[in-house]
Amino acid sequence: MPSHVFADRQPPERGAVDALITRTRRLRGDVDAVRQDTVSADDDPQGRWQRALYDLAVHHLDDLGAHLDQLKEGLPPATADAFADELAEYEADSAAGTGSLLSRVGSAEWNLLTDEVSWSDELYQILGRDPAAGPMSLDELPSVVFAEDQSLLTAMVTDCLVDGRPIDGEFRMVRPDGRVRTVHMMGEPVLDSDGSTASMWAVLRDVSELRRSQRAVRESRDSLQRHQHIERTERRLAVEMQEAVLPPWRGSLQFPPGSPTSLDIAAHYLPAADGALIGGDWYDALQLPGGASLLSVGDLAGHGVTATSSMAMLLGALRGMAVAGIRPGQLMAHLNQLLDTSAQPALGTAVCCRYDPASRVLTWAQAGHPAPLLFRRGTGRALSMLDGVLLGATSGASYEQGELTLQPGDVLVLHTDGLTRTTADAQDTEGAADRLTALAARLAEARDAQECVRLVVEEFGEREGDACVLVAKVNA
């Protein structure tokens, strides 16, 4: 279950983040000014402690400013499920701590002349060491440091004691309970009157929670970028497959060419409003042996490569069976069986029409799909619904077949349901269908099928998903 850290939390508004950035920068300037005014140059323990705390406060505000800048730029949503273990550990640390910045800062001083070592109570708490055991010397300290970080600590201490360089670095320490803490150490050498190093003081800050949260942000950003790259790749493949499968023709077709009773055919694919979803919507028009024509549109459930690959398989099978002379009703039954037994089961809808130019008879069948619309002499209506379940829904389904004699000037419109499911009225499919039949007068005045398609596309601009429309007009 996702951590409650992210429950009911909305992204901050840009104005609120800007205000926080301004306040953080102002506070950072105020702290820096106070530090310069109040910190003395004396090397007494109290002065060093104050100087170290001011430095830590400035560093802390710098970190806060960097995080707020990330939020302003658009920090990606944290993927809580992917980092559940990290978040659980983070919450455990937060629950165990006192929550105060001072409780996560400890101090220490090692006197090289007397071998005296002093630790603050907070440092014992950070390292989980029993105060009764006493503080650790500089020689003993590496024993509780992560093996990979021991050389770093040794180098920092050596540079400080030998060359007089300040200490500023991070390393991991292992507490007696086995928990690993990341510690940021800042320190300086204390020189005697001869300029030799007399002692070394340091302030150690527990930054485990901060670094863990930074790592979670970094990993979540990397995960999101990988996910976006995969999505872009899949979308490109889906688009390429769709373009390879859908008919390559543009403009109008005449089936059969030169016949006085031929069909003028045009079609169009309409992408989704956001352009990101490539679905399984398809259309097709095919000249069959003997002069007949095949008209079909359909829609497979889903989006992306899976939907377009299933569409390619289905459309190839449809064309092959139509050329072989299989009638629409039986053709739908075969397509249903194909999807039902496919290695990638899918659900889909379709309508398939066969037009005989000699008799002007349209034979058609549908599978859970909107019925074809017939526009005749300025009026429009949907053809009667025929029995036919969704493709791939059940084995052995049969599909009713209907016939209709078309007249010169008739306009037949086939479309997927995405055409009438607009973003403005996604739930009002009946109202959207009425808008389509209301185009009857304008379709009757259209010169050809291509103009009819244009009228339909203009009427149904932005949609909830992608869609296809195919128009066939009987030449007068």
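As shown above, the structure is provided for reference.
Residues numbered from 1 in each chain as written. Predicted model: local features only at pLDDT ≥ 70, side-chain atom pairs only at ≥ 80, totals over all residues. Heavy atoms only, no water.

### Describing the overall build of the protein chain
Here's step 1: Secondary structure summary: the protein chain contains 11 helices and 16 strands in total.
Here's step 2: Long-range contacts, defined here as pairs at least 24 residues apart, represent 64% of the contacts in the protein chain between residues at least 6 apart.
Here's step 3: Here the protein chain has roughly 23800 Å² of accessible surface; of this, 52% comes from carbon and sulfur atoms. (Helix = DSSP H or I, 4+ residues; strand = E, 2+ residues; numbered from the N terminus. Contact = heavy atoms within 4.5 Å. Areas by Shrake-Rupley, 256 points an atom, 1.4 Å probe, with all protein chains shown as cover.)

### Topic: the pairing of strand E11 (residues 361-367)
Here's step 1: The element E11 is largely enclosed, with a buried count of seven among its seven residues.
Here's step 2: Taking every second residue as pointing to the same face, both faces of E11 are buried, with Val-361, Thr-363, Ala-365 and Ala-367 on one and Leu-362, Trp-364 and Gln-366 on the other.
Here's step 3: Bridge analysis of strand E10 (residues 348-356) against E11 gives seven bridges, and the strand direction is antiparallel. Considered in E11, the bridge of Asp-356 is made with Val-361.
Here's step 4: As consecutive antiparallel partners, E10 and E11 are separated by four residues, and within that stretch Arg-360 has a phi angle of approximately 60 degrees, a positive value.
Here's step 5: Pairing between E11 and strand E14 (residues 402-405): four bridges, direction antiparallel. (Buried < 20%, exposed > 50% of the residue type's maximum accessible area, 1.4 Å probe, protein only. Pairing = 2+ DSSP bridges.)

### Structural notes on the pairing of strand E16 (residues 467-474)
Here's step 1: In terms of burial, E16 is a largely internal element, eight of the eight residues being buried.
Here's step 2: Burial along E16 is two-sided: the residues Ala-467, Val-469, Val-471 and Lys-473 and Cys-468, Leu-470, Ala-472 and Val-474 are all buried.
Here's step 3: Where strand E7 (residues 263-270) meets E16, eight bridges bridge the pair, whose relative direction is antiparallel. Considered in E16, the bridge of Ala-266 is made with Val-471.
Here's step 4: Pairing of strand E15 (residues 411-415) with E16, which is carried by five bridges, proceeds in the antiparallel orientation. By the bridge assignment, Leu-412 is partnered in E16 with Ala-472.

### Quick notes on the nonpolar core
Here's step 1: Core analysis: the largest hydrophobic core is formed by 57 residues, its most contacted members being Ile-265, Tyr-283, Leu-295, Leu-391 and Leu-470.
Here's step 2: Sort the elements by how many residues they give to this core and helix H7 (residues 305-323) lands first, with six residues.
Here's step 3: Filtering out sequence-adjacent residues up to four positions away, Leu-295 remains in contact with Leu-263, Ile-265, Asp-284, Ala-285, Val-351, Cys-352, Cys-353, Leu-412, Leu-414, Leu-470 and Ala-472.
Here's step 4: If you look at the next biggest cluster of nonpolar residues, it comprises 23 residues, including Trp-110, Tyr-124, Val-145 and Met-200. (Core = buried A, V, L, I, M, F, W, Y, C linked by side-chain atoms within 4.5 Å.)

### Focus: the sheet that holds strand E2 (residues 117-119)
Here's step 1: Taken together, five strands build an open sheet; the order of strands is E2-E1-E5-E4-E3 and the sheet is antiparallel. At either end of the open sheet lies a strand with only one pairing partner, and these are E2 and strand E3 (167-174). Averaged over all adjacent pairs, the angle separating strand axes in this sheet is 20 degrees, with direction ignored.
Here's step 2: Of the pairings in the sheet, the one linking strand E4 (residues 180-191) to strand E5 (residues 197-206) comprises nine bridges and is antiparallel in character. Of the residues in E5, the one forming a bridge with Val-183 is Asp-206. (Axes fitted to C-alpha atoms, helices over the stretch in contact; angles between N-to-C directions.)

### Observations regarding helix H6 (residues 208-245)
Here's step 1: For H6, built from 38 residues, the straight-helix expectation of 56 Å at 1.5 Å per residue is met to within 8% by its first-to-last C-alpha distance of 55 Å.
Here's step 2: Ser-208, Glu-209, Leu-210, Arg-212, Ala-216, Ser-220, Ala-238, Val-239, Gln-242 and Val-245 are the residues of H6 that are buried. (Expected span 1.5 Å × (residues − 1).)

### Structural notes on the sheet that holds E14
Hydrogen bonding along the main chain pairs the strands of a sheet, whether they run parallel or antiparallel.
Here's step 1: Ordered in space as E8-E9-E10-E11-E14, the five strands form an open sheet in which the pairing is antiparallel. Sheet topology places strand E8 (279-287) and E14 at the edges, where each strand pairs with a single neighbour. For this sheet, the mean angle separating the axes of adjacent strands, direction not counted, is 15 degrees.
Here's step 2: Where E8 lies against strand E9 (residues 293-303), nine bridges are found, and the strand directions are antiparallel. Looking at E9, one finds that Ala-285 is bridged to Leu-295.
Here's step 3: Sheet strands in contact with H7 are E8 and E9, and its direction is about 20 degrees off that of E8.

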